[in-house]
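Architecture at a glance
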2 protein chains.
Amino acid sequence: MAGLYDGAVQELIDELGRLPGIGPKGAQRIAFYILDQDKADVEALAAALVKVKERVHFCEVCGNITESTKCAICSDPRRLDSVICVVEESKDIVAIERTREYRGKYHVLGGSINPIQGVGPEDLRIRELLQRLGDTNVTEVILAMDPNVEGEATAAYLVRMLTPLGITISRLASGLPMGGDLEYADEATLARAFEGRHMISTPLN
Amino acid sequence: MAGLYDGAVQELIDELGRLPGIGPKGAQRIAFYILDQDKADVEALAAALVKVKERVHFCEVCGNITESTKCAICSDPRRLDSVICVVEESKDIVAIERTREYRGKYHVLGGSINPIQGVGPEDLRIRELLQRLGDTNVTEVILAMDPNVEGEATAAYLVRMLTPLGITISRLASGLPMGGDLEYADEATLARAFEGRHMISTPLN
């Protein structure tokens, strides 16, 4: 129902509707919420949007987002220099950090190889990874790409590039999600779970 | 996981998380989307937020949102002056306009009577409604408050206030939603549907 709202309200609804996960109804709901808010609160939101674009850039070492030249993880002396976990995006780092299992460093590729969207290896931070591996004493590279076609292609490409370097390369396990239900697992996941099965005991006969 | 993100990103996630319908995951997703966007696009969104607060105010006649002194509906000579539909919020007008059934004018109360949240009749635009009814030749007032406790209380209050004026007062019908399933209707809705049942035919015997 474009036109029912006057200019500025419709403009805001359109702008909000472009954000991921916000449909036309959600955009309208947020626009009316904004109309009800104090001007100062709305200006704070607008300022936060502009500020994030002005201040945040990429860590010169790993490509993670940061407001300094080096990100918090790269600057942390307690993190191991010998292991690098390669991820597609900065938000993957947050997911891994949440497990509190990993104590090494990261390398953010900035995406995955996707010929359909015209993303090739040269568009990712792979050259920077190779240079980093040449400069430092890394003993293991963990490939933590997404378990989908693009992630697999990217991992396969990296395996080809890194194998000559004589560094241990590993890939995160695929299989049934914890708390999930085998009955509802898709075929690809279930096939991976079979492939990656662990031996629990082997009879000696 | 506060602290994992640097200042400006976390600040933006917090600001976005305050908007209705956006949870922590959605706020994170939008923040990373913003980081990927061109600076000009983000500034356009920020400007739209500020602009809506600067330009949009309430129609001096009906209380609908507008950028002029009178809203588009109040200024439209094709709309009937003899019927006023009283709604709680401007967005209710949009929902009613979508039906293309109503050709009269509106009056926005700006909420409903809600003692728990401290909203009394004096906080709503009821005085303005009475004055408007005094000044113009309105023959019918349609009460289109939400069919909930607060809406019912507001409608009951308005009936008391308007009855002495000798104007026809009507209330939108409550009942089973179209396309709905009787089996899944809640008790209150079903009770209303019985109460408001229409006679289809009456035997003459």
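Below is a short write-up of the structure. Quick caveat: nothing in here was measured; it's all calculated off a predicted structure.

What to know about the overall build of chain A
Each helix and strand in chain A was counted, giving 7 helices and 6 strands. Its helices and strands in sequence order give chain A the pattern α-α-α-β-β-β-α-β-α-β-α-β-α, from N to C terminus. On C-alpha atoms alone, chain A measures out to a radius of gyration of 22 Å, which is more than a quarter above the 17 Å that the 2.2 N^0.38 rule sets for 205 residues. The principal-axis extent of the C-alpha atoms belonging to chain A is close to 80 × 45 × 35 Å. A buried classification covers 40% of the 205 residues belonging to chain A. In chain A, the proportion of contacts linking residues at least 24 apart, taken out of those at least 6 apart, comes to 48%. Roughly 12100 Å² of accessible area belongs to chain A as shown, and the carbon and sulfur atoms make up 53% of that amount. Charge separation in chain A, taken as the distance between the mean sites of 22 positive and 31 negative side-chain charges, equals 5 Å.

Observations regarding the sheet that holds strand β3 (residues 83–87) of chain B
All names here are of chain B. Taken in spatial order, the 4 strands line up as β4-β3-β5-β6 in an open sheet, and their pairing is parallel. Edge positions in the open sheet fall to β4 (105–108) and β6 (168–171), since each of these has one partner strand only. The sheet shows a mean angle of 25° between the axes of neighbouring strands, taken without regard to direction. Direction of pairing for strand β5 (residues 140–143) relative to β6: parallel, over a ladder of 4 bridges. Counted as the bridge partner of Glu 140 is Thr 168 from β6. This element, helix α4 (residues 90–98), spans β3 and β4 of the sheet and lies at about 155° to β4. Each of β3, β4 and β5 is contacted by helix α5 (residues 126–135), which is oriented at about 150° to β4, the strand it contacts most.

Quick look at the pattern of salt bridges
Here the idea is simple: oppositely charged side chains can pair when their charged atoms come close. All told, the structure shown has 15 salt bridges over all chains when counted by the stated rule. Between Glu 15 of chain B and Arg 18 of chain B there is a salt bridge; the shortest N-O distance is 3.3 Å. The residue Glu 97 of chain B makes a salt bridge to Arg 79 of chain B at a minimum N-O spacing of 2.9 Å. On the criterion of sequence distance, the pair formed by Glu 97 of chain B in helix α4 and Arg 79 of chain B in the loop between β2 (65–66) and β3 is long-range, its members being 18 residues apart. Overall, Arg 79 of chain B belongs to the buried group, its relative accessible area being 6%. Salt bridges linked by common partners bring Glu 152, Arg 171 and Arg 192 of chain A together as one network.

Here we look at the interface of chain A and chain B
How large an interface is tends to be reported as the accessible area lost when its parts come together. Across the boundary between the two partners, chain A contributes 51 residues, which contact 52 residues of chain B. Both sides of the chain A and chain B interface together cover about 5100 Å² of buried area, and 72% of this is carbon and sulfur. It is Pro 20, Leu 49 and Lys 53 of chain A in chain A that bury the most area against chain B; as a group they hold 13% of the surface buried on that side. Remark: the boundary between chain A and chain B carries 2 salt bridges. Measuring nitrogen to oxygen at the nearest pair gives 2.6 Å for the salt bridge that ties Lys 51 of chain A to Glu 11 of chain B.

Examining the packing of helix α5 (residues 126–135) of chain A against helix α6 (residues 149–162) of chain A
All names here are of chain A. Interaxial distance between α5 and α6 falls to 12 Å at its minimum, and their mutual angle equals 35°. α5 and α6 meet at a crossing whose hand is right-handed. Residues Ile 126, Leu 129, Leu 130 and Leu 133 of α5 form the contact with α6, whose own contacting residues are Tyr 157, Leu 158, Met 161 and Leu 162. Taken together, the residues that form the contact of α5 with α6 break down as 8 nonpolar, no polar and no charged.

Section: the sheet that holds strand β4 (residues 105–108) of chain A
Residue and element names in this part refer to chain A. Spatial strand order, β4-β3-β5-β6: 4 strands in an open sheet with parallel pairing. Each edge of the open sheet is held by one strand with a lone partner, namely β4 and β6 (168–171). Strand after strand, the sheet turns through a mean of 25° between neighbouring axes, direction not considered. Pairing between strand β3 (residues 83–87) and strand β5 (residues 140–143): 4 bridges, direction parallel. Paired with Ile 84 across the two strands is Val 141, which belongs to β5. Along the sheet, helix α4 (residues 90–99) makes contact with β3 and β4, crossing β4 at roughly 155°.

Conventions and cut-offs
Residues numbered from 1 in each chain as written. Chains lettered and ligands numbered in written order. Predicted model: local features only at pLDDT ≥ 70, side-chain atom pairs only at ≥ 80, totals over all residues. Heavy atoms only, no water. Helix = DSSP H or I, 4+ residues; strand = E, 2+ residues; numbered from the N terminus. Rg over C-alpha atoms; globule rule 2.2 N^0.38 Å. Buried < 20%, exposed > 50% of the residue type's maximum accessible area, 1.4 Å probe, protein only. Contact = heavy atoms within 4.5 Å. Areas by Shrake-Rupley, 256 points an atom, 1.4 Å probe, with all protein chains shown as cover. Lys, Arg positive; Asp, Glu negative; His and termini not counted. Charge placed at Lys NZ, Arg CZ, Asp CG, Glu CD. Pairing = 2+ DSSP bridges. Axes fitted to C-alpha atoms, helices over the stretch in contact; angles between N-to-C directions. Salt bridge = Lys/Arg side-chain N within 4 Å of Asp/Glu carboxyl O. Buried area = accessible area lost by both parts, 1.4 Å probe. Left-handed = near helix turned anticlockwise from the far one by under 90°. Nonpolar A, V, L, I, M, F, W, Y, C, P; charged D, E, K, R; others polar.

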